[in-house]
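# Descriptive structure summary
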Amino acid sequence: MLTSPSMKITFCCTDTKPDLWLSGLQAALPQAEVSLWQPGTPPADHAVVWAPPQQFFDEQTQLKGVFNIGAGVDALLKLRLPPGALVVRLDDAGMSVQMAEYVCHAVIRYFREFEGYALDAKNGKWAYRKSPQRDDFSVGVMGLGVLGERVAKSLRAFEFPVNGWSRSAKTIEGVQSFCGEAQFNEFLSKSQVLVNLLPLTPDTQDLLNRTTLSQLKPGAFVINVARGAHLVEDDLLALLNEGHLAGATLDVFRVEPLPPEHPFWRHPKITVTPHTSARTLRETSIAQIVGKILALEQGAPIAGIVDAVRGY
Ligand code: NAP
Ligand code: GLV
């Protein structure tokens, strides 16, 4: 066995039932000692976490690896982390296909006017609707990382014109690449549908606001599947009510769960889902994390290391 007998792994994930994670990690690393963290747990070598309290890192000062059981590390990077620890995000682990399903479904629902047909069906009405021209239905994907690239390629499979925006220029077949602030406005102005798959960082917080969303084509749709704090909610509501935007599909919110009194729930142009577009798959994630722990222990390189300065 490759693990050292004394290797300690501790698990600290808010809002996650621990039992199957603990047994899965222990089965995959039989010679390690896997524990559920509680205050006073002795120092571990590696941690598997989601939204741990600051006390966790204040006590666990000897961690070599901190494995986040999600792709987004915004909540983690708000904490004071042990200086020597590598922060590692989930690297797809079955999320990109889910995200592609979710976004393609939402885009096609708008493009083919399925909501209108559902309403007609309720009223026993048999009537054709004229879909827009596919060439006019450009989809702009913000963020072309692990998830955004998969989404962009999946949308291309349906022959939508696809543009992507990222920090660095990309080469993805059939996808026009825009990058950096200098090309942001041009990217927005070409989008009939805007899909947000950016990480939440100081640079991207509140990026979906009145100024930026006003630059989308009239009658545009917004799909936010990244983080709630990317979107200025009142600005979205105003642009929907004024008619510049035709609809929004929102999976993430500034406050989660979305409070019952929130106007998004009942807005006729907004579709709400409960942060479910790409769920963490436990078994796949355990296999990925364990593979990386073993690689780190052997001094081998791993993918998915977070750059704390960049914020993702
Ligand atoms: P990723 O691989 O880190 O990709 C991030 C992309 O965003 C990269 O293309 C990056 O550009 C670009 N980017 C970052 N900062 C930018 C900026 N200031 N301007 C322009 N582009 C910028 O992340 P991922 O795995 O695709 O995940 C994206 C996000 O999805 C996560 O951070 C998380 O918040 C969210 N998410 C949501 C769910 C859900 O269920 N709703 C599930 C999983 C993830 P470069 O390529 O040039 O670096
Ligand atoms: C979920 O939102 C994730 O970041 O994995």
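The structure under discussion appears in the preceding block.
Keep in mind the model is a prediction, meaning the values are calculated, not measured.

### Section: the pattern of salt bridges
A complete count under the given rule lists nine salt bridges for this structure. Across the salt bridge formed by Arg-129 and Glu-113, the nearest N and O atoms sit 3.5 Å from each other. Placement of Arg-129 in the loop between helix H4 (114-122) and strand S6 (139-142) and of Glu-113 in the loop between helix H3 (95-111) and H4 is noted, with a sequence separation of 16 residues between them. Residue class for Glu-113 comes out partly exposed when judged on its relative accessible area of 25%. The closest approach of N and O atoms between Arg-129 and Asp-120, which form a salt bridge, is 3.2 Å. Residue class for Asp-120 comes out buried when judged on its relative accessible area of 6%. When salt bridges with common partners are traced through the structure, they connect Glu-113, Asp-120 and Arg-129 into a single cluster.

### Points about the sheet that holds strand S10 (residues 220-224)
The pairing of strands in a sheet happens through backbone hydrogen bonds and is either parallel or antiparallel. The parallel open sheet is built from seven strands, whose spatial order is S8-S7-S6-S9-S10-S11-S12. Two strands in the sheet have a free side with no partner beyond their single neighbour: strand S8 (175-179) and strand S12 (270-272). Ignoring which end each strand starts from, the neighbouring axes of this sheet average 15° apart. Relative to S8, strand S7 (residues 162-166) runs parallel, the two being bridged by five bridges. Its bridge partner being in S8, Gly-164 is matched across the sheet by Ser-177. Along the sheet face, helix H5 (residues 146-157) touches S6, S7 and S8 and points at about 165° away from the line of S6. Together, S10, strand S11 (245-250) and S12 form the strand contacts of helix H8 (residues 233-242), whose direction differs from that of S11 by roughly 140°.

### Quick word on the pairing of S7
Most of S7 is tucked away, with five of its five residues classed as buried. Burial of S7 is two-sided: the residues Val-162, Gly-164 and Ser-166 facing one way and the residues Asn-163 and Trp-165 facing the other way are all buried. The pairing of S6 with S7 spans four bridges and is classified as parallel. Its bridge partner lying in S7, Gly-140 is registered against Asn-163.

### Quick notes on the packing of H3 against H5
In contact at an axis separation of 8 Å, H3 and H5 are set at 45° when each is read in the N-to-C sense. Judged by the angle between their axes, H3 and H5 are oblique. Once H3 is placed against H5, the crossing between them reads as right-handed. Where H3 approaches H5, its residues Met-95, Ser-96, Val-97, Met-99, Ala-100, Val-103, Cys-104 and Val-107 are matched on the opposing element by Val-146, Leu-147, Arg-150, Val-151, Ser-154 and Leu-155.

### Observations concerning the nonpolar core
Of all hydrophobic cores here, the largest spans 51 residues; its most connected members are Val-107, Val-141, Leu-155, Val-195 and Ile-223. Of all the elements in the fold, those that place two or more residues in this core are strand S1 (8-13), helix H1 (19-28), H3, S6, H5, strand S9 (193-196), S10 and helix H9 (282-297). Among the elements that take part in this core, H3 stands out by supplying nine residues, more than any other. In this structure, this core is formed jointly by two domains, domain 1 (8-93 + 280-297) and domain 2 (95-272), each of which donates at least three residues. Apart from residues no more than four positions distant in its own chain, Val-107 is found in contact with Phe-137, Val-139, Leu-155, Phe-160, Val-193 and Ile-223. Judged by nonpolar contacts, the second largest core, of 26 residues, contains Trp-165, Phe-187, Ala-220 and Leu-239.

### Considering unusual backbone geometry
The amide bond that connects Glu-256 to the next residue, Pro-257, takes the cis arrangement and shows omega of -5°. Here Pro-257 shows up in the loop between S11 and S12. Not every positive phi belongs to a glycine, and Asp-15 is a case in point at roughly 65°. By the element assignment, Asp-15 lies in the loop between S1 and H1. Judged by relative accessible area, Asp-15 falls into the exposed class, the value being 79%. Phi is positive for Glu-159, close to 70°, though the residue is something other than glycine. With respect to the element layout, Glu-159 can be found in the loop between H5 and S7.

Procedures and definitions
Residues numbered from 1 in each chain as written. Chains lettered and ligands numbered in written order. Predicted model: local features only at pLDDT ≥ 70, side-chain atom pairs only at ≥ 80, totals over all residues. Heavy atoms only, no water. Salt bridge = Lys/Arg side-chain N within 4 Å of Asp/Glu carboxyl O. Helix = DSSP H or I, 4+ residues; strand = E, 2+ residues; numbered from the N terminus. Buried < 20%, exposed > 50% of the residue type's maximum accessible area, 1.4 Å probe, protein only. Pairing = 2+ DSSP bridges. Axes fitted to C-alpha atoms, helices over the stretch in contact; angles between N-to-C directions. Contact = heavy atoms within 4.5 Å. Parallel < 35°, antiparallel > 145°, perpendicular 65-115°, else oblique. Left-handed = near helix turned anticlockwise from the far one by under 90°. Core = buried A, V, L, I, M, F, W, Y, C linked by side-chain atoms within 4.5 Å. Domains from an automatic or database assignment.

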